[in-house]
Amino acid sequence: MLRFYRTTEWQLLWPFYMEALFGTILYIFVPFMVLYFNSIGMGASEIGILMSVWPLSALLFEVPTGAIADLWGRKLSVILGYFCEGILAVLLFFFTHHAAVFVLFFFIGVARTLTSGAKEAWVVDLLRARGHDDLRSNYFSKYYSLFNLAFVISGVIGALCVDFAGLQVIWLVTGISYFMSAGLLMFGREDFIAQRETFSGAIKGIWRQTRRTALYALNERSVTYVYVISFTVAMAGIFRSMISWTPFLQGFGFPDEGFGYLWSAMNITGVAAPLLARRLLNRVEDRIALIWISVLTLAYGVLVLLTGSLFMLIGLIIVSAFIFDFRMPINRVFFHRFIPTHIRSTSGSFEQMLNASARMISFPLVGILIDGVGPKYTVFISTLFMIPVIVLYSRVRDVHNEKSP
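Please read these numbers as outputs of a predicted model, since none were measured by experiment.

A. Just the environment of Tyr27, in detail. Tracing the chain through its elements places Tyr27 in the loop between α1 (8–22) and α2 (33–39). The exposure class of Tyr27 is buried, given its relative accessible area of 14%. Remark: the alpha-carbon pair of Tyr27 and Phe151, spanning 124 residues in sequence, is separated by 7.5 Å.

B. Summary view of the pattern of salt bridges. Summed over the entire model, instances satisfying the criterion amount to nine salt bridges. Put simply, Lys142 and Glu9 hold a salt bridge, and the shortest N to O gap is 3.0 Å. Linking Lys142 in helix α7 (residues 136–165) with Glu9 in helix α1, this pair joins segments that are 133 residues apart in sequence. On the basis of relative accessibility, which here comes to 6%, the residue Glu9 falls in the buried class. As a salt-bridge pair, Glu19 and Lys119 come within 2.7 Å of each other at their nearest N and O atoms. Here the residue Glu19 occupies a position in helix α1, and Lys119 occupies one in helix α6 (residues 118–129), the gap between them amounting to 100 residues.

C. Quick look at the nonpolar core. Core analysis: the biggest nonpolar cluster contains 115 residues, and Phe29, Phe37 and Phe105 have the highest contact counts within it. Among the elements that make up this core, the one with the highest residue count is helix α14 (residues 310–336) (eleven residues). Those residues in contact with Phe29 that sit more than four places away from it in its chain are Trp54, Ile170, Trp171, Thr174 and Tyr178.

D. Broad picture of empty space enclosed by the protein. Enumeration over the complete set of coordinates arrives at two cavities of 30 Å³ or more. In this structure, the second largest cavity occupies an estimated 40 Å³ of space. Counting only elements with at least two residues in the lining of the second largest cavity, the list comes to α10 (221–239) and α14. Classifying every residue of the lining of the second largest cavity by side-chain character gives five nonpolar, two polar and one charged.

The rules behind each value
- Residue positions within a chain follow its written sequence, with the count starting from 1.
- Local features in this predicted model are restricted to residues whose pLDDT is 70 or higher, and side-chain atom pairs enter the listing and the counts only when it is 80 or higher, whereas totals over whole chains, interfaces and linings include all residues.
- Excluding hydrogens and water, the side-chain values take into account all heavy atoms of the structure.
- Only runs of H or I of at least four residues qualify as helices and only runs of E of at least two qualify as strands under DSSP, and these elements are numbered from the N terminus.
- Remark: exposure states derive from per-residue accessible area (1.4 Å probe, protein chains only) relative to the maximum for the residue type, with buried under 20%, exposed over 50%, and partly exposed in between.
- The working definition used for a salt bridge is a side-chain nitrogen of Lys or Arg within 4 Å of a carboxyl oxygen of Asp or Glu.
- The nonpolar core is taken to be a set of buried Ala, Val, Leu, Ile, Met, Phe, Trp, Tyr and Cys residues, with the residues joined through side-chain atoms within 4.5 Å.
- The criterion used for residue contact is that any of the two residues' heavy atoms lie within 4.5 Å.
- Any residue with an atom within 4 Å of a point lines the site, the site being either a cavity, points on a 1 Å grid over the protein atoms alone where a 1.4 Å probe fits but cannot get out, or a pocket, an open set with protein on both sides within 12 Å along at least 5 of 7 lines.
- Grid points are joined across faces, edges and corners, and a volume is the space filled by probe spheres set on the points.
- Gly falls in the polar group here, along with every residue not listed as nonpolar (Ala, Val, Leu, Ile, Met, Phe, Trp, Tyr, Cys, Pro) or charged (Asp, Glu, Lys, Arg).

Here is the structure:
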């Protein structure tokens with residue numbers, strides 16, 4: 001272990017690894033979010049609309065906030081984003097009126113655009129600038145492993161906080177988590193050269209870069225498929241998120257404080273999953289691995305329909321978490337294999353814009369489906385998205401990722 005601290009990987013990436021662990025350890029709102037919104041009088045449909053506000057703001061502001069990274073660097077953009085999210089999370093602790101919650105969620109989405117795309121591109125291009133592209137898969141696997149280890153602890157902390165201080169405290173504690181992320185990433189290295197001198201110039205440049213990215217995707221059929229896969233998987237993820245799992249569990253009499261402990265159990269598997277995924281990548285092509293993960297998800301959907309007990313449901317939720325965490329690092333390696341360096345940050349933001357569109361569409365639909373057909377069938381529908389995903393993966397072919405668009 002001591003030998004690892006002397007490696008180039010540790011010297012370059014330790015702030016990002018520490019942020020994944022300690023910047024996430026107090027990020028407790030996710031397992032209790034639906035319960036909290038229920039407690040202030042929101043139903044499933046209203047929660048679905050509320051959750052769509054977040055990606056709507058992300059869709060509107062992804063390009064304007066990208067100008068900050070273009071002018072002053074990805075490091076400043078990411079740190080500023082986390083700091084703003086921290087302030088907004090603390091405000092959610094104090095404001096419970098539905099209109100206020102909608103407004104705050106909108107601005108959280110705006111703040112999130114400062115980190116989306118920029119953080120991942122910051123690391124990938126740092127490694128490339130230092131001549132260590134070979135560490136990319138190591139980074140993604142270890143980052144997500146540490147991220148999930150932190151969530152194991154955060155679930156227990158969340159359960160204790162909610163039991164002691166009530167559901168509303170989740171926002172105050174999560175706000176502290178954002179501030180910790182901002183503080184830790186201040187130590188991260190960045191090789192940055194400003195490309196433009198004015199904000200308007202940066203906005204115009206990013207629009208041009210976004211257009212180039214879109215044209216590149218249209219001209220490279222396989223890249224188009226990669227973006228469509230990302231969009232489809234993002235939609236499926238919302239159908240199978242806590243907005244569906246929460247009422248599903250409540251139907252079996254699951255207690256409120258139990259959601260924190262379940263969250264910890266879900267993320268225990270997530271500690272090992274990314275590391276196992278890295279081992280798989282040493283033996284199997286990333287595209288083939290992703291196809292088999294999608295097939296497994298389809299089979300998992302059949303089991304969801306057969307769920308008849310709380311014990312079985314908890315097991316399926318943990319399996320779902322494992323599949324997600326196993327897929328994530330493989331998917332990121334797969335995605336960046338198709339993206340040229342000079343449009344990498346814009347490509348990440350472009351992907352986030354597509355995914356924001358997917359979430360904006362999906363959340364209201366999920367709320368309506370939960371009220372209509374129930375959470376079980378809503379979760380099952382999420383697995384059917386894997387059918388077009390498998391078809392698209394089978395059609396993807398390698399492109400030269402340094403080709404200029």
